[in-house]
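Residue-level structure breakdown
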4 protein chains.
Amino acid sequence: MINIGVIGFGYWGPNLARNLSQAAGGKLTAISDLNPKARAKAERLHPSTAVLDDPLRLIAMKEVDAVAIATPVSTHFDLALAALQAGKHVLVTKPMTATTEQAQRLINEAQKKGLTLMVDHTFVYSGPVRKIKELAAKDLGDLYYYDSVRVNLGLFQHDVDVLWDLAVHDLSIMDFVLASQPRAISATGVSHVKGGMINTAYLTAFFDNNLIGHIHANWLSPVKLRRTLIGGSRKMIVYDDTEVSEKVKVYDRGITVAESPEQVYHQLIGYRSGDMWAPHLDITEALQVEADHFTDCIQKKARPITDGEAGLRTVRLLEAATRSIKEHGRPVELAAAGV
Amino acid sequence: MINIGVIGFGYWGPNLARNLSQAAGGKLTAISDLNPKARAKAERLHPSTAVLDDPLRLIAMKEVDAVAIATPVSTHFDLALAALQAGKHVLVTKPMTATTEQAQRLINEAQKKGLTLMVDHTFVYSGPVRKIKELAAKDLGDLYYYDSVRVNLGLFQHDVDVLWDLAVHDLSIMDFVLASQPRAISATGVSHVKGGMINTAYLTAFFDNNLIGHIHANWLSPVKLRRTLIGGSRKMIVYDDTEVSEKVKVYDRGITVAESPEQVYHQLIGYRSGDMWAPHLDITEALQVEADHFTDCIQKKARPITDGEAGLRTVRLLEAATRSIKEHGRPVELAAAGV
Amino acid sequence: MINIGVIGFGYWGPNLARNLSQAAGGKLTAISDLNPKARAKAERLHPSTAVLDDPLRLIAMKEVDAVAIATPVSTHFDLALAALQAGKHVLVTKPMTATTEQAQRLINEAQKKGLTLMVDHTFVYSGPVRKIKELAAKDLGDLYYYDSVRVNLGLFQHDVDVLWDLAVHDLSIMDFVLASQPRAISATGVSHVKGGMINTAYLTAFFDNNLIGHIHANWLSPVKLRRTLIGGSRKMIVYDDTEVSEKVKVYDRGITVAESPEQVYHQLIGYRSGDMWAPHLDITEALQVEADHFTDCIQKKARPITDGEAGLRTVRLLEAATRSIKEHGRPVELAAAGV
Amino acid sequence: MINIGVIGFGYWGPNLARNLSQAAGGKLTAISDLNPKARAKAERLHPSTAVLDDPLRLIAMKEVDAVAIATPVSTHFDLALAALQAGKHVLVTKPMTATTEQAQRLINEAQKKGLTLMVDHTFVYSGPVRKIKELAAKDLGDLYYYDSVRVNLGLFQHDVDVLWDLAVHDLSIMDFVLASQPRAISATGVSHVKGGMINTAYLTAFFDNNLIGHIHANWLSPVKLRRTLIGGSRKMIVYDDTEVSEKVKVYDRGITVAESPEQVYHQLIGYRSGDMWAPHLDITEALQVEADHFTDCIQKKARPITDGEAGLRTVRLLEAATRSIKEHGRPVELAAAGV
């Protein structure tokens, strides 16, 4: 039995706590929050769990084996480091840390101690994304592009901009689905609130083999859109997360290129248009799958799908995008950053 | 009565010819095309119109007062210049020319001769776009962003890439609706066909006052999307050209910022969510409105809405985007280009 | 303070209990259910509420002022009658009773005792339906038709057929919105399960002045549809409850009839097509509005919007429809039934 | 070569003429219309075709082998009979005739003369409907219901009501897809224009084995809907003709009934929810397929898919529905009518 403590019981913490309390081989042992109202809520929802006001006391609890951190990004590093140093396994919400350097130090610490370090890239564990991963690996052919739109009205964040708040979802899904990493990032964005965070942003990721990724994140859209297009040489996918059913549609469409031996100019491009197919999707709550995976990885000393490296890769792209936005789209190379 | 000749009777020429033949005060007098099949079609559809194989002979015809050019982009400049030099008014399809220099020379020639020079930015004359222009001017408040997606499967072009083929529509609409010009462009894009044209492209336009424009153009999408979001401080618009009716929806949604006197960090952002409204739109064919405008401008010696300057501005953005794409998004300043 | 007991804690009871526990001037005092699992759940969710296994004991509790009944339809009459006889106000879920006779007896009993008798026609209290009621009264002009589709896959009921399970919603909304009653009903329907309940049904209601109502209810549809069209002489409504936002759309569309003085045959019918408008809707949970209305009516001795008469009217239509279905659509007059 | 004459060049005639002029083995030889404007249009579009003002002269033309009739319904019988008596093959638009008796007489005449008699049930030849026919035969399992909605604003007809104008499409598709005939019809409907035609109508068709058909036809809807649900024991179909692509969706959904040996009441109903699949559809214009089928049937003396009997069956249902509407839904048996 793995005893788990949850730090932070604001917006996301209750979801983590509920799912971890039901994780195979897991037990919700403690919850901490600085806010008395959040603690009262925790006591009501989890009457048999210890509720504390001090995260460091929670980390210090002997009976706690693992800690889930659902606090503002700026506190992730200190809390996760303290937990690892105290010998606890860690699940940290996204984005993993505020800098790549912090992410790397957590990875090193976890490795040194032989502890599980996992990042809560929730969507990676959802039915639609797991199905897309499967399709990308065997049905799509050569990958051409990954294009994602995640826009809606609000909620403006105080501590992170729209890339670190919304695009992080797409970057983590893209990392999982494409299983390769961009060479460079070009990003653009603006703030429409004086002194405020960037609320409208665009990010292009350049991969090898002309694969291109693009993300549009916006807190100021009149409508909610959650739509990803994935183009491959054999099939293409439309993933619309606002649909109630048929969230993933697979199109047997594409082009065929008959290259002329004499002259590139004369190559003939044909169009293929076949069936569309919407596979049945697992509707288990993503966070439940993730919670089970967390306890399972701890027990088997296995590497989580969204391990510290996945968290680091995502933070690295966010960092590069932030730098590129400041220079109006100037590309930021990632090779130098190493992996 | 203005006698009009149409050069090029391939894909778009027949539409131009049909609408110009019905334009108020206009008469379709001649059509030319290099292709015998196209000429046969022209003879069948316009039995009382002269059909020629040589565009220069058409330009030379005394009875022709104005010429509409619907040929590949690479030929626009030579044909338009010849027509202007022969004293004919000119309507040229988009993009106006292959370079800004060519566009500028046509403008100069038309001005010198006192002739009407108009660019066929068709969408500007459509019911939805005219309504959006009206709304942008009086209902939206401060403009925040203009975001457009124009993607579908095919048709790959041989002589222009996806920006010059598809994004040109959005750039010309954006030019008309925003009535201001970007300071810089950052664009990214790739080709997935060896030696082929860029088929997936993204373009960011930076305007003053944090207004940002963005266009996604793609020839390789499994689904056809034609959707523009326009954000303002008072209202927001969704324009979906694939809808049969209600193409333009106006949302009474947005944010309110209550700035704290002490500290920017504490500013409170509120959300406003009111009615949605889909105005009734004029369904007159855009090209008919445009054809009437062309003959009207000639008769009244008036400046067309989509005059040579509008064509030049659009070509300038395309040129800048093409340069930026080659450098993976490095921003290209437009100030130096002058206007 | 009104002390409320909830009888039945299966599918709908928990929702009633939660909302009644938050009703203005109300207090959730007791819950009863025959099923031990349901009682355990009630104890967990409402730790300070008495949980009983016997509904009659709950009804007998002195401190209980009002009773909400969320049990199978066949038990509504006996439980509601017992509650009224014990001097308790009653809120009963839909359909009110299994027969009109039962409904009439409950109305009589409540009147005799001066007690509030209310039927849980939940949708009547929802934001969309309240807005539609408002629009029907002042914007639509003469009403032409009310057409509703409520179909999905499952859940097949054991004790009521698809009309008594799904169409009852539409009949209660129609009763509220149209504020007039049909003269006759013609209904058709079939069962596709041997010996089972009717799972696909159609109902036409004939009103005065050529107003027609129609409902399609189906447990065996591959897709979920919840769509009502309401036609008026001035405006028309589309109400789609599966939409996340813009559930109600008002169309400024219709016909104009220019009658020729000589001959009806020559009347000219014109078509009007104006703006569409989606009013902002109150998103308060319908059941919360209803719970507040229940305690308010008790306190003010006011007649509920969905009083016993509304319940009776709906049961009368269901009874007539059931009779008509057995005779393959033969119309059943409602005049004789009197109101 | 079959020489074809087209009678009636109003709304639908030009489509028939265009497609028949391109039919394999066919030649458009003559067109007649009473209206001079229609004749002028015919001359312009078909310069090498004889254009007459008298349909009987067209029928009398020696060189005419076959006649297509696209005139108001009330004239179908006289014109078709005259053509058959003159030894011409006949294609007549829908509904075939104004009465079953007329339809039967045309069938008899054609048979006597050994001529092809075909009814223009256009949708039967469309890609979506041909695919549905294929699916109904091999994939759906036992058929449960056929439910169709065909509503929009306008165009009110003078000579036929909304059933004979719109529902005739659905009845002809249903006849083709189900390949069985109803035992009885119950229909309801009203007119909202004084002395006018019924503009809102509902029709239920009762088949053997609890298969039920239902059609909703309405000229007074604010939105255009063209949606058919077909339920089977193994799969279900949604056919939405307003979709640009994916008009036909096949759902692997349904119920499973585990009957209890003891008691019907205890039967357990399970729900099955699998993939959705949108087959690629032939996009050849339906009328072209139909025109080719017409000339092919004449040449091979084959029985057309939509022969006179199909026309008769559809008229019989319309007649029964008209009778039922007058009696507010009273079912009209079809057995007595024979087939």
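What counts, and at which threshold
Residues numbered from 1 in each chain as written. Chains lettered and ligands numbered in written order. Predicted model: local features only at pLDDT ≥ 70, side-chain atom pairs only at ≥ 80, totals over all residues. Heavy atoms only, no water. Contact = heavy atoms within 4.5 Å. Buried area = accessible area lost by both parts, 1.4 Å probe. Salt bridge = Lys/Arg side-chain N within 4 Å of Asp/Glu carboxyl O. Polar contact = N/O pair within 3.5 Å; in protein donor to acceptor, adjacent residues only side chain to side chain. Helix = DSSP H or I, 4+ residues; strand = E, 2+ residues; numbered from the N terminus. Buried < 20%, exposed > 50% of the residue type's maximum accessible area, 1.4 Å probe, protein only. Pairing = 2+ DSSP bridges. Least-squares fit on C-alpha atoms with pLDDT ≥ 70 in both. 1 Å grid on protein atoms, 1.4 Å probe; cavity = no way out; pocket = protein on both sides within 12 Å on 5 of 7 lines; lining within 4 Å. Points joined across faces, edges and corners; volume = space filled by probe spheres on them. Nonpolar A, V, L, I, M, F, W, Y, C, P; charged D, E, K, R; others polar.

Focus on the interface of chain A and chain D
The interface is formed by 13 residues belonging to chain A together with 13 residues belonging to chain D. Summed over both partners, the interface of chain A with chain D buries about 1000 Å², with 41% contributed by carbon and sulfur atoms. Its largest share of buried area at the contact with chain D, chain A owes to A:Asp275, A:Met276 and A:His280, together 46% of the area lost on that side. The tally of links between chain A and chain D comes to two salt bridges. When the shortest N-O distance is used, the salt bridge between D:Arg253 and A:Glu246 registers 2.9 Å. Counting across the chain A and chain D interface gives 10 residue pairs in polar contact (both at pLDDT 80 or more). At the level of elements, β13 (248-258) and β14 (268-278) of chain A are the ones that each hand at least two residues to the side of chain A that touches chain D.

Here's the deal with the pairing of strand β8 (residues 184-190) of chain C
All names here are of chain C. Counted residue by residue, β8 has seven buried out of seven residues, so it is predominantly covered. Side chains Ala-184, Ser-186, Thr-188 and Val-190 project from β8 onto one buried face, and the interleaved Ile-185, Ala-187 and Gly-189 project onto a second face that is buried too. Two strands pair when backbone bridges link them, and β8 and strand β9 (residues 200-206) are joined in this way by seven bridges, in the antiparallel orientation. By the bridge assignment, Gly-189 is partnered in β9 with Ala-201. Relative to strand β15 (residues 332-333), β8 runs antiparallel, the two sharing two bridges. Paired with Ala-184 across the strands is Glu-333, a residue of β15.

Observations regarding the relation of the copies chain A and chain D
The two chain copies are connected by a rotation around an axis plus a translation along it. When chain A is fitted onto chain D, the two copies agree to an RMSD of 0.0 Å after a turn of 180 degrees and an axial shift of 0.0 Å. A rotation of that kind, with that shift, is consistent with a two-fold axis. Taking the C-alpha atom as reference, chain A places A:Trp277 closest to the rotation axis, 2.2 Å from it. Looking at chain A, 100% of its interface residues are interface residues in chain D too, so the copies touch through the same face.

Structural notes on unusual backbone geometry
Excluding glycine, residues mostly have negative phi values, and the peptide bonds linking residues are mostly trans. Here A:Lys94 and A:Pro95 are connected by a cis peptide whose omega angle stands at -10 degrees. With respect to the helices and strands, A:Pro95 occurs in the loop between β5 (89-93) and α5 (100-113). A positive phi angle, close to 50 degrees, is found at B:Lys301, a residue other than glycine. You will see that B:His328, though not glycine, has its phi angle at about 60 degrees, which is positive. Mapped onto the elements of the fold, B:His328 is located in the loop between α9 (308-326) and β15 (332-333). Under the relative-accessibility criterion, B:His328 is labelled partly exposed at 37%.

A few points about the layout of surface pockets
Considering only enclosed or pocket space, the second largest pocket measures out at about 740 Å³ in volume. Every residue lining the second largest pocket is counted, 26 residues in all, and those nearest its centre are B:Arg44, B:Leu45, D:Arg44, D:Leu45 and D:His46. Of all the elements in the fold, those that place two or more residues in the lining of the second largest pocket are α1 (13-21) and α2 (36-45) of chain B together with α1 (13-21), β2 (26-32) and α2 (36-45) of chain D. Grouping the constituent residues of the lining of the second largest pocket by class yields nine nonpolar, 12 polar and five charged.

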